[in-house]
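Geometric and topological summary
Given next are the chains, with one letter for each unit.
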Amino acid sequence: TQLLEQSPQFLSIQEGENLTVYCNSSSVFSSLQWYRQEPGEGPVLLVTVVTGGEVKKLKRLTFQFGDARKDSSLHITAAQPGDTGLYLCAGWDTDKLIFGTGTRLQVFP
Amino acid sequence: KAGVTQTPRYLIKTRGQQVTLSCSPISGHRSVSWYQQTPGQGLQFLFEYFSETQRNKGNFPGRFSGRQFSNSRSEMNVSTLELGDSALYLCASSLEREGETQYFGPGTRLLVL
């Protein structure tokens, strides 16, 4: 079974700060996805990265897929309180979607 | 288009009881997957149903079961509840195949006392 480890586990920052969340595995993934989950809701897909070395931007969020397709990162520029939530990376292990351990982000005004 | 709906949203049961959770996928979606989310283990895959057949299964005991109806609605059942079954149970739907985008419902929060 492939595993996805995320770091840090918790992140508490002030509005306006930058941050990076990491998702690492010892296995190669054909693609990796990033989700955000807010309290009382299910995860919502933010992005899917498919090609090694790929960089995707979604407003203030920048996603990168490692060259070897074993890791990914999510960088948030000038974080806002609305970015608060649980960030999850996920990848397909044959026929099952497996999720990372999660990073809980709290952004204070 | 309406999103994935799950009922009930909250449930309290006692050890030894059984519980049935319901999931209605997005209209036109034929694949329904179930996940368990706990603080300790994170989000784990339970099983997936497609065309009324279980297509994939995670590493959960046989107390966890499910089914899918001809209208793609799905139910999952947990028998002989244990304290450790307390969790958020999430349902996700997708069109047909593995690898497609999954859309999650808000979940059913189950508390076992």
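Further up the page is the structure itself.
Please read these numbers as outputs of a predicted model, since none were measured by experiment.

**Topic: the overall build of chain B**
The helix and strand tally for chain B stands at zero helices and 11 strands. Across chain B, helices and strands are ordered from the amino to the carboxyl terminus as β-β-β-β-β-β-β-β-β-β-β. For chain B, whose C-alpha radius of gyration is 13 Å, the value lies close to the compact-globule estimate of 13 Å for 113 residues. Overall, chain B is about 35 × 25 × 25 Å in size when its C-alpha atoms are taken along their principal axes. Looking at chain B as a whole, 50% of its 113 residues qualify as buried. Taking the contacts inside chain B whose residues are at least 6 apart along the sequence as the reference set, 54% of them involve residues at least 24 apart. Each charge sign in chain B was given a centre, from 12 positive and 8 negative side chains, and these centres are 6 Å apart.

**Side note on the overall build of chain A**
Scanning chain A from terminus to terminus reveals zero helices and 11 strands. Helices and strands appear in chain A in the N-to-C order β-β-β-β-β-β-β-β-β-β-β. The C-alpha radius of gyration of chain A comes to 13 Å, within 12% of the 13 Å expected for a compact globule of 109 residues. Across its three principal axes, chain A shows a C-alpha extent of roughly 40 × 30 × 20 Å. The burial tally for chain A puts 45% of its 109 residues in the buried class. The long-range fraction of contacts in chain A, counting pairs at least 24 apart against all pairs at least 6 apart in sequence, stands at 54%. With an accessible surface of roughly 5,300 Å², chain A has 50% of that area assigned to carbon and sulfur atoms. Computed over 9 positive and 11 negative side-chain charges, the inter-centroid distance for chain A is 4 Å.

**As for the pattern of salt bridges**
Under the criterion given, the structure shown has 10 salt bridges over all chains. As a salt-bridge pair, A:Asp95 and A:Lys96 come within 3.6 Å of each other at their nearest N and O atoms. For A:Lys96, a relative accessible area of 24% translates into the label partly exposed. Residues participating in the shared-partner salt-bridge network are B:Arg63, B:Glu82 and B:Asp85.

**Quick word on empty space enclosed by the protein**
Taken as a whole, this structure holds one cavity of 30 Å³ or more when the rule is applied. In this structure, the largest cavity is lined by 14 residues; those nearest its centre are A:Trp92, B:Ser31, B:Ser33, B:Glu48 and B:Gln102. Its residues assigned to classes, the lining of the largest cavity comprises four nonpolar, five polar and five charged.

**Looking at the nonpolar core**
Of all hydrophobic cores here, the largest spans 22 residues; its most connected members are A:Trp34, A:Phe63, A:Leu74 and A:Ile76. Listing elements by their share of this core, those giving two or more residues are β3 (19-24), β4 (32-37), β5 (44-49), β7 (61-65), β8 (71-76), β9 (85-93) and β11 (103-108) of chain A. B:Leu21, B:Val32, B:Leu46 and B:Tyr89 belong to the second largest nonpolar core, which has 21 residues in total.

**A look at the sheet that holds β7(A)**
Residue and element names in this part refer to chain A. Strands sit in the order β1-β3-β8-β7-β6 across an open sheet of five strands; the sheet is antiparallel. Of all the strands in the sheet, the pair left with one neighbour each is β1 (5-7) and β6 (55-58). In this sheet, neighbouring strand axes are inclined to one another by 15 degrees on average, regardless of whether the strands run parallel or antiparallel. Two strands pair when backbone bridges link them, and β3 and β8 are joined in this way by six bridges, in the antiparallel orientation. When the bridges of β8 are listed, Asn-24 appears paired with Asp-71.

**Some words on the side chain of B:Ser93**
All names here are of chain B. When you line up the elements, Ser-93 lands in strand β9 (residues 87-94). There is a polar contact of 2.8 Å between the side chain of Ser-93 and the side chain of His-29. Setting aside residues no more than four positions away along its own chain, Ser-93 makes contact with Val-4, Pro-25, Ile-26, His-29, Ser-31, Val-32, Thr-101, Gln-102 and Tyr-103.

The rules we used
Residues numbered from 1 in each chain as written. Chains lettered and ligands numbered in written order. Predicted model: local features only at pLDDT ≥ 70, side-chain atom pairs only at ≥ 80, totals over all residues. Heavy atoms only, no water. Helix = DSSP H or I, 4+ residues; strand = E, 2+ residues; numbered from the N terminus. Rg over C-alpha atoms; globule rule 2.2 N^0.38 Å. Buried < 20%, exposed > 50% of the residue type's maximum accessible area, 1.4 Å probe, protein only. Contact = heavy atoms within 4.5 Å. Lys, Arg positive; Asp, Glu negative; His and termini not counted. Charge placed at Lys NZ, Arg CZ, Asp CG, Glu CD. Areas by Shrake-Rupley, 256 points an atom, 1.4 Å probe, with all protein chains shown as cover. Salt bridge = Lys/Arg side-chain N within 4 Å of Asp/Glu carboxyl O. 1 Å grid on protein atoms, 1.4 Å probe; cavity = no way out; pocket = protein on both sides within 12 Å on 5 of 7 lines; lining within 4 Å. Points joined across faces, edges and corners; volume = space filled by probe spheres on them. Nonpolar A, V, L, I, M, F, W, Y, C, P; charged D, E, K, R; others polar. Core = buried A, V, L, I, M, F, W, Y, C linked by side-chain atoms within 4.5 Å. Pairing = 2+ DSSP bridges. Axes fitted to C-alpha atoms, helices over the stretch in contact; angles between N-to-C directions. Polar contact = N/O pair within 3.5 Å; in protein donor to acceptor, adjacent residues only side chain to side chain.

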